[in-house]
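The residues making up each chain are set out below.
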Amino acid sequence: MSNSRPAAERFYGRQFVRKIPSTYYEYPLIRKDGSEIWIGQNVQVLLEDGQVVGFQAVARDITERKQAEEGLKEQMRLSMLAAEVNGALVQRAPLHAMLQSCAEALVRHLDAVFARIWLLGPGDLCGDCHKASHCADRTQCLHLEASAGLYRNLNGEYRRIPLGALKIGKIAQGHGPMVTNDALNDERLQNKDWTQQHGLRSFAGYPLLLESQVMGVMAIFARHPLTGPAVSAMETVSKALSLGIERKKAEEALQESEQRLELALRGGDLGTWDWQVQTGAAVFNRRWAEMLGYALEELAPHIGTWERLVHSEDLPQVMDALQAHLNGHTSAFESELRMKTKGGGWRWILARGRVVSRDAQGRPVRATGTHLDITDRKRAEADVKERSRQLEAANKELEAFSYSVSHDLRAPLRHIDGFAELLEQQAAPVLDEKGRKYLRAISDSAQRMGRLIDDLLEFSRTGRAELHARVVPLEALVRNVLDDLQPETEGRTIDWTIGPLPKVQGDPALLRQVWFNLVANAIKYTRPRDRATIEIGRAPSTGDHEVVVFVRDNGVGFDMQYVGKLFGVFQRLHGIDDFEGSGIGLANVQRIVARHGGRVWAEGAVGRGATFYVALPLLEGDGR
């Protein structure tokens, strides 16, 4: 019975105590050839004088159904991977935070031991790296930017990897992926003792490429074989990551360019012009001429020089803007235009100016201004626009993948449930009670999977929904949630403590989902208690930039060594037979709180209850 024996023993132990006449139970078995099969077993308790004297069981091979369910679950996980990577790539966050979110999504949804992302960077940062002696080319090196799972330290042994060194450097150098489900025996992988120590089975590494140019490497290790769909999903993620990284770098370059522009304006390294409006005479400084490749002496000191060099397509709108200012309709003249260089090329110029004197009739006499070369900025803007277009296309591909998976999940479920219903209608007269229970088990499983899909789609919509932020009084919101949960508390004894709660800035509908999930969980997991206690209040914050609110209960609690799984999709710390649910609720809580710029965490102990904390940015004026 392999490692399912303890679970089976607990099951029969519960049956012995509960004396439930008939129960259906599923468990895996290891066959003689080492392969695994799944058994569905209908167990009947044999009673004499009210005492359990034995069990009678009828077993059936349900391996095909379990494999189909596992396939559906995998498709759902891959759909969520696509959705989370898509969400991370469009967030307004620093590059390292975006990459860390993607690495954590890979660990969560591919059940990886750890995932890492390296980016290609300058080699002159590698002076303290013990691998520096392996560098054939000291100008570039792979720098570790994100690490999730078992290893999270970015300053460990593999923080720098030379091109061509180790498996990661070879993936970058060769511009091709490396995938194996036999990590222990694959000659391309080193450190076999380490691989065996951690029980690693599979490895997948993908170069991050953009137009055949390597940008970095994404890699994972796992303790299970990687399936074909998982490998395809990683390839899709690597492409989306490449576009996201390029877009983020372009945004940062544009921001840096704008900062340089501001410094240039302050520093005065500008081309200047001084124009006598009524005569047309103009004086240009040397920098004005050098921007276009001319010596100052080559340019005639007249406004006609400027008009001759402006691009014919830009000249009409530039002259309209200039005339509007000369006529007093605008406080200043400003325009972006192309000007021809001495070599025949074109430079983008930001022209600014102002009339500094007028005659007695209000006509302009003299105007002065500046020229600034913004060619690099315009190119950066064009690059950002193009990369954004490509990223949008990649995001649509990810969304299409997610919706396609959801559609593929629903079709087989409808078939399973529908054919089970037809079979029950047509074969009911010839089926015994065991057969009918098998059919009910199939139908129940299909319906449960349908609910999981609905929860998955709701989770996906939460990530895409637009935030409508306003001031939200949490105390009123929580009491409204309690009213809605009133039916769940009927017939139970619950001691409620609700302390003063602050106002926060956020989307009322999304924040309501947070508190509905947290309070509903407290009600559910205190169900075994004769007298439940649930407390909702405000906790001390660790700084002056956030407010912390908690939900505490005296329920069944959880083991803190598994706290990292609490907020993962489909992660459950309690059996489905003990507590209902799909494992989506807390994942939704974390996603909503993160979208509000906050964080969520939990503390608990087995049998001693749990406390869930939500930290949100402090509302201005709430300094308590």
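Everything numeric in this text was worked out from a predicted model, so none of it was measured.

*Asks:* Before we go on, may I ask you to explain the environment of V90 in this structure?
*Replies:* As for its position among the elements, V90 is in helix 2 (residues 63-90). Taking the C-alpha atoms as reference points, V90 and G244, separated by 154 residues in sequence, lie 7.9 Å from one another.

*Asks:* What's the story with the nonpolar core in this structure? I'm lost.
*Replies:* One recurring pattern in soluble globular proteins: nonpolar side chains tend to sit buried together. L99, I117, M218, I220 and L241 are the most contacted members of the largest nonpolar core, which has 38 residues in total. Elements that contribute at least two residues to this core include exactly helix 2, helix 3 (95-110), strand 4 (112-122), strand 5 (140-149), strand 8 (202-210), strand 9 (213-222), helix 6 (228-267) and helix 10 (375-427). If one sorts the elements of this core by residue count, helix 3 sits on top with nine residues. Discounting residues that sit within four places of it in the chain, I220 has contacts with L106, L110, A112, F114, A115, S202, F203, A204, L226 and M234.

*Asks:* What is the right way to look at the sheet that holds strand 5 in this model?
*Replies:* Pairing between the strands of a sheet comes from backbone hydrogen bonds, and it takes one of two forms, parallel or antiparallel. If you walk across this open sheet you meet the six strands as 6-5-4-9-8-7, and the pairing is antiparallel. Of all the strands in the sheet, the pair left with one neighbour each is strand 6 (160-161) and strand 7 (178-180).

*Asks:* How should empty space enclosed by the protein be read in this particular structure?
*Replies:* Sizing a probe to match a water molecule and rolling it over the atoms shows the empty space that remains. Scanning the entire structure with this criterion turns up three cavities of 30 Å³ or more. Lining the largest cavity are W273, W275, F284, I303, W306, L322, F333, A351 and H371. Across the lining of the largest cavity, the residue classes break down as eight nonpolar, one polar and no charged.

*Asks:* Hey, could you run me through the sheet that holds strand 16 (residues 494-498) in this one?
*Replies:* Judged by pairing direction, the sheet is mixed, and its five strands sit side by side in the order 16-18-19-21-20 without closing on themselves. At either end of the open sheet lies a strand with only one pairing partner, and these are strand 16 and strand 20 (599-604). Recorded for the sheet is a direction-independent mean angle of 15 degrees between the axes of neighbouring strands. Examined bridge by bridge, strand 18 (residues 532-539) and strand 19 (residues 546-553) share six bridges and lie antiparallel to one another. Bridge pairing in strand 19 places E535 opposite R552. Where helix 13 (residues 508-525) meets the sheet, its contacts fall on strand 16, strand 18, strand 19 and strand 21 (610-617), and the angle it forms with strand 19 comes to roughly 25 degrees.

*Asks:* Explanation requested: unusual backbone geometry in the structure shown.
*Replies:* Negative phi is the rule for most residues except glycine; trans is the rule for most peptide bonds. For D111, which is not glycine, the phi dihedral falls at a positive 50 degrees. Inspection of the secondary structure assignment puts D111 in the loop between helix 3 and strand 4.

*Asks:* Would you take a moment to explain the pairing of strand 4 for this structure?
*Replies:* Regular strands place their side chains on alternate faces of the sheet. For strand 4, the buried fraction is high: ten of the eleven residues fall into the buried class. Looking at chain direction, strand 4 and strand 9 are connected through seven bridges and run antiparallel. Directly across from L119, in strand 9, lies its bridge partner G216. Where strand 4 lies against strand 5, nine bridges are found, and the strand directions are antiparallel. The residue bridging P122 from the neighbouring strand is Q140, located in strand 5.

*Asks:* Just to check I follow, could you spell out the environment of H302 for this structure?
*Replies:* Turning to its location among the elements, H302 is positioned in the loop between helix 7 (286-290) and helix 8 (303-309). Between the alpha carbons of H302 and T279 there is a distance of 9.0 Å; along the sequence they are 23 residues apart. In this view, H302 contacts T279, G280, A281, A282 and F284; residues no more than four positions away in its chain are not counted.

*Asks:* Any chance you could explain the pattern of salt bridges here in plain terms?
*Replies:* Side chains bearing opposite charge may pair, as long as their charged atoms lie close to each other. Summed over the entire model, instances satisfying the criterion amount to 25 salt bridges. In this structure, R377 engages E336 in a salt bridge whose closest nitrogen and oxygen atoms are separated by 2.5 Å. Separated by 41 residues along the polypeptide, R377 in helix 10 and E336 in strand 12 (residues 333-340) bring together distant segments of the chain. For E336, a relative accessible area of 28% corresponds to the partly exposed category. Residues E381 and K378 are paired through a salt bridge, measuring 3.7 Å at the closest nitrogen-oxygen approach. On the criterion of helical spacing, the pair formed by E381 and K378 is a turn pair, its members being three residues apart in helix 10. Owing to a relative accessible area of 28%, E381 belongs among the partly exposed residues under this scheme. By sharing partners, the salt bridges in this structure join E336, R377, K378 and E381 into a single network.

The rules behind these values
Residues numbered from 1 in each chain as written. Predicted model: local features only at pLDDT ≥ 70, side-chain atom pairs only at ≥ 80, totals over all residues. Heavy atoms only, no water. Helix = DSSP H or I, 4+ residues; strand = E, 2+ residues; numbered from the N terminus. Core = buried A, V, L, I, M, F, W, Y, C linked by side-chain atoms within 4.5 Å. Buried < 20%, exposed > 50% of the residue type's maximum accessible area, 1.4 Å probe, protein only. Contact = heavy atoms within 4.5 Å. Pairing = 2+ DSSP bridges. 1 Å grid on protein atoms, 1.4 Å probe; cavity = no way out; pocket = protein on both sides within 12 Å on 5 of 7 lines; lining within 4 Å. Points joined across faces, edges and corners; volume = space filled by probe spheres on them. Nonpolar A, V, L, I, M, F, W, Y, C, P; charged D, E, K, R; others polar. Axes fitted to C-alpha atoms, helices over the stretch in contact; angles between N-to-C directions. Salt bridge = Lys/Arg side-chain N within 4 Å of Asp/Glu carboxyl O.

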